[in-house]
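The lines below spell out each chain.
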Amino acid sequence: MADLSSSFVGIRSPNPFWLASAPPTDKAYNVNRAFEAGWGGVVWKTLGEDPPIVNVSGPRYGALLGTARNLIGFNNIELITDRLLDVNLREIRQVKRDWPDRALAVSLMVPCEERAWKTILPMVEDTGADGIELNFGCPHGMSERGMGSAVGQVPEYVEMVVRWCKENSRLPVIVKLTPNVTNILAPARAAQRGGADAVSLINTVSAIMSVDLDGMTPSPSVGGRGAHGGYCGPAVKPIALRMLGEIARDPECRGVPLSGIGGIATWRDAAEFMALGASNVQVCTAAMVYGFKVVEDMIDGLVNWMDAKGYRSVPEFVGKAVPNFVDWEQLDLNYTVKARIDQSLCIRCGRCHIACEDTSHQAITRERDGKRHFEVIDAECVGCNLCVNVCPVDQCITLESLPVGTPDPRTGQPVRSYANWTSHPNNPAQRAPAATAPVK
Amino acid sequence: MASADSTKTSGIRANRLPEEVYARNFADAHPALTPNQALVESDRCLFCYDAPCVQACPTGIDIPSFIRKIATGNIKGSAQDILSENACGALCARVCPTEVLCEGSCVRNLQEHKPVAIGALQRYATDWVFDRGVQVFQRAADTGRRIAVVGGGPAGLSCAHRLATLGHSVTVFEAHDKLGGLNEYGVAAYKVAGGIAQREVDYLLEVGGIEVRFGQRLGKELSLAALRRDFDAVFLGIGLGAVNALGIDEPAIDGVYDAIDYIADLRQSQALATLPVGRSVVVIGGGMTAIDIATQIRRLGAEDVTIVYRRGPEQMGASTKEQDWAQTNGVRIKHWARPTGLLSDGGHLAGVAFEYTRLDDQQRLAGTGERFELPADMLFKAIGQVLVRDSLDGQVGLLDTASGRIAVDAERRTSLPGVWAGGDCVAGGRDLTVEAVQDGKLAALSIDRALRPAQASGVRHG
Ligand SMILES: Cc1cc2nc3c(=O)[nH]c(=O)nc-3n(C[C@H](O)[C@H](O)[C@H](O)COP(=O)(O)OP(=O)(O)OC[C@H]3O[C@@H](n4cnc5c(N)ncnc54)[C@H](O)[C@@H]3O)c2cc1C
Ligand SMILES: Cc1cc2nc3c(=O)[nH]c(=O)nc-3n(C[C@H](O)[C@H](O)[C@H](O)COP(=O)(O)O)c2cc1C
Ligand code: SF4
């Protein structure tokens, strides 16, 4: 059976599933329950200076729901912990003592002054916690006060604070990045320059969840007015994956351990983050939606998948997809696919036809011999994948690649071997043919 | 009422069940969807291209569109989509055999053997506007044209409503003292609980331009010739009246009932416990009426109920789902047998004699010679109805009724100029409410075209 045990910047845990710094990790009661349920580690809810911040007493969450009320995206205007620093530190000490085999990192956010960091770091170290995570990501409330994403958006501040932390503490330093930047590499490289032991990402995405059309206020409405919040959950996973992959393949960041966060709800999500470079993952929304028990599927799902694939430990596949994450210009422009509809699975809903007919390439029939019949017209099909995406039946439409040398009915030309944009004749900046084929 | 008679007492009795059981047995058989159920179910619709369900709906409701509007919270728009094609959409949502219509062609059947619950969703949307008093129709400016609609069943109502919406003035002549036709007097009580038939009538009349005259029977108080003279057009939606005969000796004994009459009494009854109910009941027939009387008489406390049909399950007019429903209610269905005589005891029905049947070489029904008897203190004839041609008075010779029903063309024009017809009284249909509604709509559109040939017409929504 595959071994899930994990060591992240020297912090050991029985599995790579940590709870992200958020309400599930706000107090000993929750964290104890999480550990009982099997979570490998937690990042304690972000601590700040006393006096504690205050949260709104109105609604602090909003959600994007599917028609069947399945939660797709989640938004919050909660701030960092609203409990006294001392209470948190006492509980952290006790929890670490009770659960020595689990990872316990502490998230921190204090003003951008060396004094503030110098004060809090020894207090955290004294609890016996395994590491610290710097919250440079919270995009609401705290950022108005010059903290959270206000720091994460300025690479110089990131580097400076990381340096203070490394100078004033022995604990490993994880830097949690905000996605609310144009180029995620800037803060990631800054963290690296400051001496960070690891980078975690993403924190939440700045967002307005919806507008209450009766009250004419952004939702959730707090007494008739709304502020933007931080968006997370399944909807942000693609954003997180891309930012993660960007750092993972960046030569300057090479070797920095990465902790993947953002929309992870299943073992498969976790495996995807790991394949794209994350050594472990952190979860918030899925736990808030389903409770701590969700970790069970993450654990045995990942083990079963690893067993099926022959991976004995997590590091064996961490980063395996990174070399295949390339810029568009490296894609094989000669690679040719055609959609194939499995008529035995087709339920004849016609969604593929109308999608292709109205909005794409008119490459799917609607009838044959006077009967509803949906079939791909190879001479029109550009292999775009739209039909696959709109078909309600799994595996009913698949893409079949044409081997090199076979004729493509659309172009009338045989399929040629690998060539990308850099050497394409239509490219005004054409370079010499590059022979870099994808890594298999 | 005092203590109820048990179901085990022989003979015809009222009061077989404890009082509270009647209400339960005749409540809504398939309760309404909750808002959350409607949302979840609406999400199952795939919004198919050129959707097969639309083609399978006799009234051509844009089903994917009305379902999507439920999902988006645009319930008024949803009801508008439904009612603009099918004025009796609320009734049809309850009584249509959806398993052979829209739901039968839902592509979800191929995927997961479970269609989208189109009927239930249609009910959800139409109930929504009824419950809130939201009117989706607005009558067009008066055209000055006057049309007589004879018969206030689904066909007549649909025709009258569409004509009125288009701005014409309609007079409905109805023999009974209520509108709704078989919706009010025929359809099984538990399909249309809560007085929905009359609520629908009220909703339709609300649009204005429709005058209703009760107690007016064509062939008695009315004549077709006079109507043709006094109105710009006439629509006949008189349904079927007379009940087929069993074709055997029917001695004058008690215990023999006409299912349609009994159901009409049941539907109008304010005290179900007072209805006469036998202990052993035989129903002869294979259509919806047979299923409905058998199921309802069981629910009124009959101990044994057997439907005897002369052909097999596939030939029954009632769908498989209807047959299953009767069987779930404890009704036994015997196929391939026909009645040969009634047994009596002191002027009361005592049993029914049958002969087994089969198809001969020419696929004709033939007796096998093998016989059996079923004890019965109550017998229902549910073997179909026929058009009462007498009601068409002197004009019957001019109207083509050679097939037994009124012949119409694709626009529901009869052979008599200025006279349209639709519903059960015309030839070629399946005797379904929804088809009557479509007939009425098509006739109204045809009448509208005939009365103002050059102008375009269209329904306006409010
Ligand atoms: C017991 C039973 C159960 C049924 N269940 C279903 C069901 O579940 N689903 C379904 O889709 N269909 C069902 N049907 C069939 C459906 O009810 C009919 O197809 C539908 O009602 C036909 O509508 P119509 O307007 O043509 O006729 P009707 O509904 O019969 O209406 C005719 C109207 O005309 C009036 N009338 C008759 N003669 C005259 C006259 N001479 N002058 C003036 N007025 C007259 C009548 O009083 C009546 O109001 C059932 C039928 C029966 C008998
Ligand atoms: C209610 C709520 C409060 C949060 N508070 C914090 C916090 O105090 N510190 C922090 O670093 N991240 C905080 N986050 C961000 C999460 O740790 C995490 O980065 C983000 O939700 C993405 O992961 P997910 O999609 O699994 O939820 C919070 C998220 C939520 C939903
Ligand atoms: S979308 Fe899929 S199921 Fe629907 S018609 Fe096309 S291939 Fe068939």
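Before reading further, recall that the structure is shown in the block above.
Anyway, here's the lowdown on the structure attached to this text. All residue numbers refer to position in the chain's written sequence, counted from 1. Throughout, the order in which chains and ligands are written sets their labels, letters from A for the former and numbers from 1 for the latter. Under the rules for a predicted model, residues below a pLDDT of 70 receive no local features and side-chain atom pairs below 80 are neither given nor counted, while totals for whole chains, interfaces and linings still include all residues. The side-chain numbers reported here are obtained from all heavy atoms of the structure, hydrogens and water having been left aside.

Another point: the overall build of chain A. Numbered from the N terminus, helices here are DSSP runs of H or I no shorter than four residues, and strands are runs of E no shorter than two. A count of helical and extended segments in chain A gives twelve helices and 20 strands. Across its three principal directions, the C-alpha atoms of chain A cover 75 × 55 × 50 Å. For chain A, buried positions account for 50% of its 440 residues. The contact rule is simple, with two residues in contact once any of their heavy atoms fall within 4.5 Å. Partitioning the intrachain contacts of chain A with sequence separation of at least 6 by distance along the chain shows that 69% fall at a separation of at least 24. Accessible area is worked out with a 1.4 Å probe on protein chains only. A residue is then buried under 20% of its type maximum, exposed over 50%, and partly exposed in between.

Residues and elements named next belong to chain A. Between its first and last C-alpha, helix 7 (residues 237-248) extends 16 Å over twelve residues, near the 16 Å set by a 1.5 Å rise per residue. Most of helix 7 is tucked away: nine of the twelve residues are buried. For helix 7, every residue scored as buried is listed here: K237, A240, L241, M243, L244, G245, E246, I247 and A248. The secondary structure elements touched by the buried residues of helix 7 are helix 6 (185-194), strand 10 (198-201), strand 15 (258-261), helix 8 (267-275) and strand 16 (278-283). Under the convention used throughout, the expected extent of a helix is 1.5 Å for every residue step, that is, one less than its residue count.

The next thing to look at is the sheet that holds strand 7 (residues 280-284) of chain B. Residues and elements named next belong to chain B. If you trace the five strands from one edge of the open sheet to the other, you get 6-13-7-8-9, paired in parallel fashion. Bordering the open sheet on either side are strand 6 (256-258) and strand 9 (331-334), each of which pairs with just one other strand. Each strand of the sheet is rotated relative to its neighbour by a mean of 25 degrees, with strand direction disregarded. Along the sheet, helix 13 (residues 259-268) makes contact with strand 6 and strand 13 (378-381), crossing strand 6 at roughly 75 degrees. Here, a strand pair is defined by DSSP locating no fewer than two bridges between the strands. The angle between two axes is taken between their N-to-C directions and runs from 0 to 180 degrees, where each axis is a line fitted to C-alpha atoms and a helix contributes only its stretch in contact.

All names here are of chain A. Around ligand 2 sit 23 residues, and of these S21, T46, K176, G263 and T285 come closest. Counted as a polar contact is a pair of N or O atoms within 3.5 Å, where, for protein atoms, one must be capable of donating a hydrogen and the other of accepting one, and residues adjacent in sequence contribute only when both atoms are in side chains. Here N135 contributes a side-chain N or O atom positioned 2.9 Å from a nitrogen atom of ligand 2. Contact distances for ligand 2 include 2.7 Å between an oxygen atom and a side-chain N or O atom of K176. Where accessible areas are quoted, they stem from the Shrake-Rupley method and a 1.4 Å probe; at the residue level, only the protein chains shown are allowed to cover. Across the complex, the protein chains shield 99% of the 610 Å² of accessible surface that ligand 2 would expose by itself. Those elements that place two or more of their residues in the shell around ligand 2 are strand 4 (41-47) and strand 6 (71-76). Residue type decides the class: Asp, Glu, Lys and Arg count as charged, Ala, Val, Leu, Ile, Met, Phe, Trp, Tyr, Cys and Pro as nonpolar, and the leftover types, Gly among them, as polar. The class makeup of the residues in the shell around ligand 2 is ten nonpolar, ten polar and three charged. Here a residue is near a molecule or strand as soon as one of its heavy atoms is found within 4 Å of it.

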